[in-house]
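# Analysis of the macromolecular model
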Amino acid sequence: MSYPDGAFRAVCPHNCYDTCGLLAQVENGRLAKVSGDPDHPITQGMVCHKVQQYPSRVYHPQRLTQPLKRTGKKGEGQFTPISWEEALDTIATRFQQLSDKYGSETILPYSYSGTLGLLNNNSMDKRFFHRLGASQMERTICSIAGSTGYIHTVGAAQGVDPVDIPCARLILIWGNNPVATNMHFLPLLQQAKCNGAKIVVIDPHRTPATRLADTYLPIYPGSDAALALGMMKLILDKGWEDKEWLVQNTQGLDQLLPSLAQYDLARVARETRLTSRQIEDLAYDYTHISPTLIRTGHGMQRHINGGMMIRTIACLPAFNGSWQHQGGGMIHSNSGYQEFNKTALTRPDLLPGPVRSINMNRIGEVLLNANPPIHGMYVYNSNPAAVAPEQNKVWRGLAREDLFLVVHDQFMTDTARFADILLPATTQFEQWDLHQSYWHLYLQLNRPVLQPPGECRPNYQVFAQLAQAMGFEDACFQDSPEDLIRAALTDAKPALSEAALQDLWEGKPVRIQVPTPVLPYAKGFATPSGKLELYSNALGRQGLSAIPAHNALADLLPDEKHLPFILVSPSAQHFLNSSFANLPELQAAEKQPTVKIHPLDAQVRGIATGDLITIRNSRGKCQLTAMISEDTRPGVLISPTVWWPADSPENRNVNATVADGLSDFGGGATFYSNFVEIAPKETR
């Protein structure tokens, strides 16, 4: 099929809050330029430097364009071209053989957020693996801990509507770097500042966002719950709370009060490494300026105590009653405003019976030691060899000659080099999809505007063809992309009006049908009690602390507390996880894999800016170029990620040092609870 030239609406598919409206300029059948859609109500024509480079991604000389079969050893990246017919037949035959010999649960799908579109991330793929009876994978590598903590507190993944940010007069940017991860927050923040808002940044790393801040608080990693609890104690001790709102709209204040006694200023200052004055000033401002808005990011909850930290922070708006004001409250995730019909989209009824569920953060351990073993794996929308914790385990698992591995990707990633069958994937401009944001409240449909290069195919097409190759006769595998979109929208909540549906099919951004202004908890909270739950019976039944609490990382990881540094690996400004990290333009902008070290730490170890240093612990090591900087604090290392191992010294990135332990809530990843030692040169 050929597509006309012109400028066409599209949607950014990547794992970012903004879910930008795009314009794709097509000339002579080729993508000439990608820019922002000026008519998108939130993103308003602005687009990040990463997405501006999309033509380089589409026409990258190393783009995969045909199916390949491995010819060399696993990991060597030696392949020969084959036809789609042979590729599909090989996969279907091997999956059937493995199912017959070992059982279908020995086959595992592994995917995450290479695209967040419903069709290519959560539709025909789920139908296929449900019908096959494969093991289910828990997609927990990013945000599950914080989302779980937040929902146990307020009841839903709903917060302040971004359009109301300028109404706030105090904004706490808590563990969030919008310059790298949420650029459209910045103009709204500027508007709030022009309206008289005070901006406070709370982060272990002095990010570019601190340039907008009136106050910067360099908190120690993993101590955020201690700060929030210390604020609560101060607020109550000083009588600064909105007592009427607190009493009427919360559950569990009486159970929380006794534990707050232990969070005096001296202890909180010791845990957070802030001064008592900084803590007291923050608590005062939080209760004397209104409306207040807390904006948390996803990084903080990638600690072993990350779910409780987000839960504890989410309790703070109860103490000043900020949820009752437009622009007041908190934004963690807004993904819960729209509920698509995922049952119709994914068809869990196709499952032949109960199957095991595997946490993706343990993929290295699972590949090496699962019982029964994993004999087949299908990787799509992800690059576990680069992004998963315990990298050395992951690589050993992928290198198993008895593991039949299929990878569907746009490039020869570190993971793809281990594949037995490698399939070429489409980009966003070559496929259908439906998108929502987990920040703003707009939906948008993406239509293909380019002919895929070579033999690239989208996920939904490949899984439908695999179903046919395996003899699955269920009618749902005949659904077109348009059918999948209609399935997602059927009985969606809230339902879209006929006019909104028409606009959506035309590619226009459509606002979720919620009342304006958005006061999500004006009529009560979506919790079992109908109140903000300072005490959560549900958490108590799970054997977790029912009230907010702080546990120091050193106490939670006693075997690592002898290591002198904590290594935090936030998002690189020019990459998005491992996406875009192979584009020369963006590699040049990011420069090289680096680590920021405080001058006092560098001086003791004789390290200078530009030195190649070794980061190590019992799990592994990597080499990074030192940057001596006061943007971090003593004892804290900052290394932006994710560089592909293939482009890193000794073929390892920071995830070689990260544990595959799980967070307190939801089984999330613990990338940031990573204690290490450093040395100025390789030691053996």
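We now turn to the structure provided with this report. Being a predicted model, the structure only gives us computed values, none of them experimental.

## Side note on the overall build of the protein
- If you tally the helices and strands in the protein, you get 26 helices and 27 strands.
- By the compact-globule yardstick of 26 Å for 684 residues, the protein fits well, its C-alpha radius of gyration being 25 Å.
- Projecting the C-alpha coordinates of the protein onto the three principal axes gives extents of approximately 75 × 65 × 50 Å.
- When the accessible surface of the protein is totalled, it reaches about 24,700 Å², and 48% of it is carbon and sulfur.

## Concerning the pairing of strand S8 (residues 170–174)
- Counting buried residues along S8, five of its five residues qualify, which places the element largely inside the surrounding structure.
- Of the two faces of S8, both are covered, the one formed by Leu 170, Leu 172 and Trp 174 as well as the one formed by Ile 171 and Ile 173.
- Where S8 and strand S9 (residues 198–202) come together, five bridges link them in parallel fashion. Each residue of the ladder has a partner; that of Trp 174, found in S9, is Ile 202.
- Inspection of the sheet shows S8 paired to strand S12 (residues 292–296) by five bridges, in the parallel sense. What sits directly across from Leu 170, in S12, is Thr 292.

## Focus on the side chain of Asn 121
- Among the secondary structure elements, Asn 121 is positioned in helix H4 (residues 118–121).
- Under the relative-accessibility criterion, Asn 121 is labelled buried at 9%.
- Reaching out from Asn 121, the side chain makes a polar contact with the backbone oxygen of Thr 115 at a distance of 2.9 Å.
- Engagement of the side chain of Asn 121 in a polar contact is seen with the side chain of Arg 139, the distance being 2.8 Å.
- Asn 121 has contacts with Tyr 112, Ser 113, Thr 115, Leu 116, Arg 139 and Asn 381, leaving out every residue within four places of it along the chain.

## A look at the packing of aromatic side chains
- For the structure on display, the rule yields 19 aromatic pairs.
- Taking the centre distance of 5.0 Å and the plane angle of 90° together, the rings of Trp 323 and Tyr 521 count as edge-to-face. In this pair, Trp 323 sits in the loop between helix H15 (317–320) and strand S13 (329–331) while Tyr 521 sits in the loop between strand S20 (510–511) and strand S21 (532–533), placing the two residues 198 residues apart along the sequence. By the burial criterion, Trp 323 is buried, and Tyr 521 matches it.
- Between Phe 575 and Trp 643 the ring centres are 5.0 Å apart and the planes differ by 80°, which places this aromatic pair in the edge-to-face class. One end of the pair, Phe 575, is in the loop between strand S22 (565–568) and helix H25 (584–590); the other, Trp 643, is in the loop between strand S26 (636–638) and strand S27 (675–679), and 68 residues separate them in sequence. Note on accessibility: Phe 575 and Trp 643 belong to one class, buried.

## Concerning the packing of helix H12 (residues 265–272) against helix H13 (residues 276–288)
- Following both chains from N to C, one finds H12 and H13 inclined at 105°, their axes separated by 9 Å at the closest point. For the element pair H12 / H13, the angle class is roughly perpendicular. Of H13, the residues touching H12 (which contributes Leu 265, Val 268, Ala 269 and Thr 272) are Ser 276, Ile 279 and Glu 280.

## Here's the deal with the pattern of salt bridges
- Throughout the structure, instances matching the rule amount to 28 salt bridges.
- Here Asp 39 ties to Arg 9 by a salt bridge, and the two come within 3.8 Å at their closest N and O atoms. In this pair, Asp 39 sits in the loop between strand S3 (30–36) and helix H1 (49–52) while Arg 9 sits in strand S1 (residues 6–11), placing the two residues 30 residues apart along the sequence.
- On the basis of relative accessibility, which here comes to 54%, the residue Asp 39 falls in the exposed class.
- Residue classification places Arg 9 among the partly exposed residues on the basis of a relative accessible area of 27%.
- A salt bridge links Arg 267 to Glu 271, with the shortest nitrogen-to-oxygen separation between them at 3.7 Å. Of the two residues, Arg 267 and Glu 271 are both situated in helix H12; the distance of four residues between them amounts to about one turn of the helix.
- A residue is classified by how much of its surface remains accessible, and Arg 267, at 16% relative accessible area, is buried.
- Through salt bridges that share partners, Arg 70, Lys 74, Glu 401 and Asp 420 make up one connected network.

## Comments concerning the sheet that holds S13
- Spatially, S10-S9-S8-S12-S13 is the arrangement adopted by the five strands of the open sheet, whose pairing is parallel. In this open sheet, the two edge strands, each paired with only one partner strand, are strand S10 (215–217) and S13. Strand-to-strand twist of the sheet, defined as the mean angle between neighbouring strand axes without regard to direction, takes the value 15°.
- Examined bridge by bridge, S9 and S10 share three bridges and lie parallel to one another. What sits directly across from Ile 202, in S10, is Leu 217.
- Strands in contact with helix H8 (residues 185–194) are S8, S9 and S12; relative to S8, the strand with the most contacts, it is inclined by about 150°.

## A short note on the nonpolar core
- Residues Ile 171, Trp 174, Leu 227, Met 232, Phe 319, Trp 323 and Leu 534 are the most contacted members of the largest nonpolar core, which totals 73 residues.
- Of all the elements, helix H9 (residues 224–238) adds the most residues to this core, at nine residues.
- Ala 87, Leu 88, Phe 477 and Ile 485 belong to the second largest nonpolar core, which has 53 residues in total.

## What to know about the environment of Arg 311
- With respect to the secondary-structure elements, Arg 311 resides in helix H14 (residues 306–315).
- Its relative accessible area of 0% is what places Arg 311 among the buried residues.
- Considered as a pair, Arg 311 and Leu 293 are 18 residues apart in the sequence and their alpha carbons are 15 Å apart.
- Arg 311 has contacts with Gly 149, His 152, Thr 153, Glu 533, Leu 534, Tyr 535, Ser 536, Leu 539, Ala 546, Ile 547, Pro 548 and Phe 665, leaving out every residue within four places of it along the chain.
- Polar side-chain contacts of Arg 311 include one of 2.9 Å to the side chain of Thr 153.

Conventions used here
Residues numbered from 1 in each chain as written. Predicted model: local features only at pLDDT ≥ 70, side-chain atom pairs only at ≥ 80, totals over all residues. Heavy atoms only, no water. Helix = DSSP H or I, 4+ residues; strand = E, 2+ residues; numbered from the N terminus. Rg over C-alpha atoms; globule rule 2.2 N^0.38 Å. Areas by Shrake-Rupley, 256 points an atom, 1.4 Å probe, with all protein chains shown as cover. Buried < 20%, exposed > 50% of the residue type's maximum accessible area, 1.4 Å probe, protein only. Pairing = 2+ DSSP bridges. Polar contact = N/O pair within 3.5 Å; in protein donor to acceptor, adjacent residues only side chain to side chain. Contact = heavy atoms within 4.5 Å. Phe/Tyr/Trp six-rings, centres within 6.5 Å; stacked < 30°, edge-to-face > 60°. Axes fitted to C-alpha atoms, helices over the stretch in contact; angles between N-to-C directions. Parallel < 35°, antiparallel > 145°, perpendicular 65-115°, else oblique. Salt bridge = Lys/Arg side-chain N within 4 Å of Asp/Glu carboxyl O. Core = buried A, V, L, I, M, F, W, Y, C linked by side-chain atoms within 4.5 Å.

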